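# Chain and residue survey
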Amino acid sequence: MTVHDNIDNFLVADLHGELTAAERNELETHLLDCAACRQAHQETKIMNQLFEEKLEKPDVAFEQRMLGAFRNRVPEKNRTVTNFIVGLMRFRSAQIAGVAAVLLALVQVGRLITNSTEAERVIVTGSNIPTAEEARPQNLVAGGRKGAPAPLAGIWKDQANEGRESDELSALAKVPAQPALPDSGATSASGFGGSLEASATRQSPASTAPSFHEETVLPAKAKAQTEVAPPPAPVEANRKLIRNAKIELEITRFDDAVEKITAFANEERGYIATSGSQKQANGKLRGEVVVKVLPENLDRFLRKVRGLGELKNQTIGTEDVTKAYFDTDSRLKNARVMEQRLIDMLKAKTGKVSDLLQVEKELGRVREEIEKMQGELKYWDSQVQFATVTIALAEKDLEEPAAFLLKERAQLALYSPEVEKIYNDIKALASPKVQITNAQLDRDNSGRVSARVSMLIVPEEGDVVIGRVKSFGRVENFQVQTERVAQGGQGMAENAKTKRDKVELNISLSRDEQEQAFQQTSLRIRTWSVDEKTKELRNLTEKQNGRVRSSWFSRDPNGHELANVSLRVPMKNYSALMQSMDSLGKVENVSVQRQDRTGAQIDEANAPADLSIRVYSQGNIVSSDSGLIATLRRTIAQGVGAIMWSLRMIAVALAFFAPWVIALIGVIWISKRMMRARSKS
Amino acid sequence: MMDANERETYRAAIHGDREAFEMIIRTHSRTLFAIAYGILQNREEAEDAVQDALVKAWKSRWRVRNPEKFPAWLAMIARHRARDVFRKRRTVPLPNEATGSLTGETNRNTNTSDELLDRQLHSALATLPELHRSALMLRYFEEMDYQTIENTLGLTNGALRGILGRALATMRKQLKPALAAFERL
């Protein structure tokens, strides 16, 4: 690399004073030789000078301006908090934690959103109701046409009573416009009477309802009706409607109610048709009143009656007999014409006698028919003229009991060595005052004997007899149950008498062995000579009045000897036996379980206590699988087991953390990529 | 290498020490200005770019993990900011007013050869590559020694010498007539 080739670089560096001494020498020698380079040197010098003079350098206040601008644009605010956060964000761990927090927050937000959308869905389903309600008036119109609004009333129960009224109004207003009239007989009615008054039709949907039992709806219904058609307009003369109603009421006093009903009936220009009452066992009355009122006053009357007491049930029905009535009426007219003609025939007295007889007979039949039809019409007239209201009345507290019966039931479990003897003793107690209702003695093939006796004792003798039975053996589990049985009703009654009934006594007899131990003890005795000590244990038990129930002995190849002895002693000797146990060897693992039977009378001193004793020796202390190799094998096996376990734990931990770590790495990677992309752009 | 004191200042600035950061503004803003000016060739714009860069640096200072790289990082931000400004200026076509005033000024000021020289100098500078311009600016604005320029721009000594040499050579060849006039002044 010669100076000449790089003359520009050398010249500039020279002017900038960045050449080393050797380089400067080299340059100077070259400049002496080369004219072109001298020329370049000259020009570069001028250029350098130009730059130094001409370039507009920042003025002295530049730094101050920069600082001022910076302070302006980044005001010093809540330094500590931001500093702390910014300082935190410099650490990787903090960044990771931040990302994790953001992820968690996202998850929470997601859950929140899903929850809220569910809630919204619920709201949406809830808001379906108005849409269904919009459809309701149509339903009501259809229902009104069929004359059966009852199912609708059931569906729409308490919903928006006001809405109901307005709906009904609109629905009812639509009814007259329908060519088909509300009732089944309406078609013929229209033929008879031409167009019906709107008021009559308006009334019909409610009144023609065959039956509806919705008590909750009724007041609303009635209210609606009062507003729709204030006083029920008189039914058109041409229409024959039979109205009847049934009401069940609960009232406080029967006589008062009947009196008031009579008054109401008079007010509404009706009368009491029949009235009947019946006295119940507890002195309360139940009865039925049948009232006849004018149909147009029926609704008002019902409303009054309802106020008398608690409404239990109500049925209102309307029967339209218009068609049948007028059919009968026209047939009657025909029959009258026929009758007249027959009479005329008789008057003319022409023809044979047999013919006359025939005419006479026919006349009789026609007259009979006429009477029948007249009767029918009269009945209908009376029915139409008055509506029938059947009021069933029941006084409150009808269910109050008249008397109580005190029943005593006792249960007794007896344990004794001689079941049969006691069984016979108990049976001997039988007398007119003590009835043995059931007695049985069981002996199964393993020789166990048990017996059961049930008896009925007159109340006065109850305690005496039970005391005698108790003295026969060891009493276990004595229970007395007293029951007050109400007669003639349920619930409370202050004045009802209480009578004592016979005492029922159930006795179960069993032998001692079958008795469950009052206390159970298990313990271990370590000793060197198991066989010998077991024998000693047997002796001790017999000394303490106990019995060995079972024993079992074993010896394994390693020299372990083992004996299980289970024995039973009376409770009073229990502690003595336990103390003598120490002489046998080292007593270990004593556990005592006691069943406290509450509510039972127990003869504690004689109650049996079970002991289950395990007598054992340690055998050969040095076991066969000992020695260096066996120990090593065991150690290695245990070590491997531990390693496998920890490996499994690590795998579980990995499986748990992996998705999170992957998500974190992904987020960090993406954010880095985004940052890089932004800085590149 | 960076001395311990300087290092400590950078570290403190990164941790949010405002005073340390202001100290860095005092010592480094000229460098940043030189870089921005090299790109933008306009005082006001360059100053704005430097301001923006400083604010941005303050806000995202936590991203710098190694305090030693702080100056280089600052320079990078300033360069990006200046380029952004430059690009935006490029995309907006020069308004008529600007060109008009330019020609007007030219007409008015042709008689002063000083203004003419200035103009020629700038247009010649504009033809240089950006890196060359930056190197020139650092040298002539800051009167930096080569070592510092190398550090700031991330160049080797040889490369810097070559750049400066070539830059000056290009410039003097382009401005040959003007230079003659200048010499005469």
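Residues numbered from 1 in each chain as written. Chains lettered and ligands numbered in written order. Predicted model: local features only at pLDDT ≥ 70, side-chain atom pairs only at ≥ 80, totals over all residues. Heavy atoms only, no water.

### Focus: the sheet that holds strand E4 (residues 310-320) of chain A
Residues and elements named next belong to chain A. Keep this limit in mind: At least two bridges found by DSSP between two strands is the condition for calling them paired. Strands are runs of DSSP state E lasting at least 2 residues, helices are runs of H or I lasting at least 4, and numbering of each runs from the N terminus. Think of each axis as a best-fit line through the C-alpha atoms, taken over the contacting stretch in the case of a helix, with angles from 0 to 180 degrees between the N-to-C directions.
Across the sheet, five strands lie side by side as E2-E3-E5-E1-E4; this open sheet has mixed pairing. Looking at strand neighbours, the two that pair on one side only are strand E2 (271-279) and E4, the edges of this open sheet. Taken pair by pair, the neighbouring strands of this sheet meet at an average axis angle of 10°, ignoring direction. Here strand E1 (residues 241-251) runs beside strand E5 (residues 387-395); their pairing, made up of eight bridges, is parallel. When the sheet's bridge partners are listed, Lys246 is paired in E5 with Thr390.

### Quick notes on the state of the cysteines
Residues and elements named next belong to chain A. Counted only if it meets this: A pair of sulfur atoms, both from cysteines and within 2.5 Å, is called a disulfide here. Burial classification: accessible surface area is computed with a 1.4 Å probe over protein chains only, and a residue below 20% of its type maximum counts as buried, one above 50% as exposed, and the rest as partly exposed.
Tallied over the entire structure, the rule returns zero disulfides over all chains. Take Cys34: it sits in no disulfide, and the sulfur closest to it among the cysteines is that of Cys37, at 3.4 Å. In this structure Cys34 comes out as buried when scored by relative accessible area, which is 14%. Taking the relative accessible area as the measure of exposure, Cys37 reaches 2% and is therefore buried.

### Focus: the packing of helix H2 (residues 18-40) of chain B against helix H3 (residues 43-59) of chain B
Residues and elements named next belong to chain B. Selection rule: Working rule for angles: under 35 degrees goes down as roughly parallel, over 145 as roughly antiparallel, 65 to 115 as roughly perpendicular, anything else as oblique. Crossing handedness: left-handed means the near helix sits turned counterclockwise from the far one by under a right angle, and right-handed means the same turn made clockwise. Between two residues, a contact is recorded if the distance between any of their heavy atoms is within 4.5 Å. For this classification, the nonpolar set comprises Ala, Val, Leu, Ile, Met, Phe, Trp, Tyr, Cys and Pro, the charged set comprises Asp, Glu, Lys and Arg, and every other residue, Gly included, is treated as polar.
Contact geometry for H2 and H3: axes closest at 8 Å, N-to-C directions at 140°. The orientation of H2 with respect to H3, classified from their angle, is oblique. Handedness of the H2/H3 crossing: right-handed. Across the interface between the two elements, Arg18, Phe21, Ile25, Ser29, Leu32, Phe33, Ala36, Tyr37 and Leu40 from H2 touch Arg43, Glu45, Ala46, Glu47, Ala49, Val50, Leu54, Ala57 and Trp58 from H3. Here the residues of the contact of H2 with H3 sort into 13 nonpolar, one polar and four charged.

### Remarks on the interface of chain B and chain A
For clarity, the cut-off: Here's the idea: put two parts together, see how much 1.4 Å probe accessible area each one loses, and the total over both is what we call buried area. Whenever Lys or Arg places a side-chain nitrogen within 4 Å of a carboxyl oxygen from Asp or Glu, that contact is recorded as a salt bridge. For this analysis, a polar contact is any N or O atom pair within 3.5 Å, provided that within protein one partner can donate a hydrogen and the other can accept it, and provided that sequence-adjacent residues contribute only side-chain to side-chain pairs.
With 56 residues of chain B in contact, the opposing surface of chain A contributes 50 residues. When chain B packs against chain A, close to 5,400 Å² is buried across both sides, 59% of that on carbon and sulfur atoms. Between chain B and chain A we count six salt bridges in total. A salt bridge links Glu22(B) to Arg71(A), with the nearest nitrogen and oxygen atoms 2.5 Å apart. On the surface where chain B and chain A come into contact, there are eight residue pairs in polar contact (both at pLDDT 80 or more).

### Brief notes about the pattern of salt bridges
Taken as a whole, this structure holds 34 salt bridges over all chains when the rule is applied. With a shortest N-O distance of 3.3 Å, Asp14(A) and Arg24(A) are connected by a salt bridge. Within this pair, whereas Asp14(A) is found in helix H1 (residues 7-15), its partner Arg24(A) is found in helix H2 (residues 21-33), the two being separated by ten residues in sequence. Taking relative accessible area as the criterion, Arg24(A) reaches 32% and is therefore assigned partly exposed. In this structure, Arg30(B) and Glu63(A) form a salt bridge, with 2.7 Å as the shortest nitrogen-oxygen distance.

### Quick notes on a nonpolar patch on the surface
Formally: Patch rule: a residue counts if its relative accessible area is over 30% and it has no salt bridge; like charges are joined within 9 Å, and nonpolar side chains (Val, Leu, Ile, Met, Phe, Trp, Tyr) within 5 Å. Each accessible area value is a Shrake-Rupley result obtained with a 1.4 Å probe; residue values ignore everything except the protein chains displayed when judging cover.
Together, Leu628(A), Ile629(A), Leu632(A), Ile636(A), Val640(A), Ile643(A), Met644(A), Leu647(A), Ile650(A) and Leu654(A) give the surface a local cluster of nonpolar side chains, amounting to about 1,100 Å² of exposed area. Tracing the sequence through the fold places Ile629(A) in helix H21 (residues 628-680).

### Let's talk about the sheet that holds strand E15 (residues 608-616) of chain A
Residues and elements named next belong to chain A. Strand order in the open sheet made by the five strands is E12-E13-E15-E11-E14, with mixed pairing throughout. Every interior strand has two partners, whereas the edge strands, strand E12 (547-555) and strand E14 (586-594), have only one. Across the sheet, the mean angle separating the axes of adjacent strands is 10° when strand polarity is ignored. Docked against the sheet, helix H19 (residues 530-543) engages E12, strand E13 (561-570) and E15, running at close to 5° with respect to E13. Against the sheet, helix H20 (residues 571-581) engages strand E11 (519-526), E13, E14 and E15, with an angle of about 150° to E13.

### Here's the deal with unusual backbone geometry
All names here are of chain A. Although it is not a glycine, Arg269 adopts a positive phi angle of roughly 60°. Along the chain, the position of Arg269 falls in the loop between helix H13 (254-267) and E2. A relative accessible area of 58% places Arg269 in the exposed class. In the Ramachandran plot, Asn589 falls in the positive-phi region, its phi being about 45° despite a non-glycine side chain. If you trace the backbone, Asn589 turns up in strand E14. Under the relative-accessibility criterion, Asn589 is labelled exposed at 52%.

### What about the packing of helix H4 (residues 62-73) of chain A against H3(B)?
Two numbers describe a pair of packed helices, the interaxial angle and the distance between the axes. Interaxial distance between H4(A) and H3(B) falls to 10 Å at its minimum, and their mutual angle equals 50°. Classified by the interaxial angle, the pair formed by H4(A) and H3(B) is oblique. Judged by the sense of rotation from one axis to the other, the crossing of H4(A) with H3(B) is right-handed. Across the interface between the two elements, Phe62(A), Arg65(A), Met66(A), Ala69(A), Phe70(A) and Arg73(A) of H4(A) pack against Glu47(B), Val50(B), Gln51(B), Asp52(B), Leu54(B), Val55(B) and Trp58(B) of H3(B).

### Description of the confidence of the model for chain B
All names here are of chain B. Using the following cut-off: Per-residue confidence from the predictor is reported as pLDDT, a score between 0 and 100.
On average, residues of chain B carry a pLDDT of 77, and 82% of them reach 70 or more. Contacts from residues 93-111, a stretch scored under 50 in pLDDT, to residues over four places away or in other chains number four contacts. On the interface metric, ipTM, the complex scores 0.73, and its pTM is 0.33.

### A closer look at helix H1 (residues 4-14) of chain B
What H1(B) keeps buried is the set Tyr10(B), Ala12(B), Ala13(B) and Ile14(B). Directly after H1(B), the chain includes Gly16(B), whose backbone phi takes a positive value near 100°.

### Comments concerning H13(A)
Residue and element names in this part refer to chain A. Stated precisely, the cut-off is as follows: To estimate how far a helix should reach, multiply one less than its number of residues by 1.5 Å. What the arc describes is the spread of directions from the helix axis to the C-beta atoms.
Under the 1.5 Å per step criterion, the end-to-end length of H13 is 20 Å for 14 residues, consistent within 8% with the ideal 20 Å. Buried residues of H13: Phe254, Ala257, Val258, Ile261, Phe264 and Ala265, and no others. For H13, the angular spread of buried residues about the axis comes to 120°, placing them on one side. Across from the buried face of H13, at angles greater than 90 degrees, the exposed residues are Glu259 and Asn266. For H13, the elements touching its buried residues are E1, E2, strand E3 (285-293), helix H14 (298-306) and E5. Backbone geometry just after H13 places Arg269 at a positive phi near 60°.

### Thoughts on the pairing of strand E10 (residues 497-510) of chain A
Consecutive residues of a regular strand have side chains that alternate between opposite faces of the sheet. Residues and elements named next belong to chain A. As paired strands, strand E6 (residues 403-415) and E10 are joined by twelve bridges and run parallel to one another. Residue pairing for E10: Leu406 is matched across the bridge by Arg500. Here strand E8 (residues 449-457) runs beside E10; their pairing, made up of eight bridges, is antiparallel. By the bridge assignment for E10, Ser454 is matched with Asn506.

### A closer look at the side chain of Ser29(B)
All names here are of chain B. With respect to the helices and strands, Ser29 occurs in helix H2. Look at Ser29 and you get buried, because its relative accessible area is 0%. Among the polar contacts made by the side chain of Ser29, one reaches the main-chain carbonyl oxygen of Ile25 at a distance of 2.7 Å.

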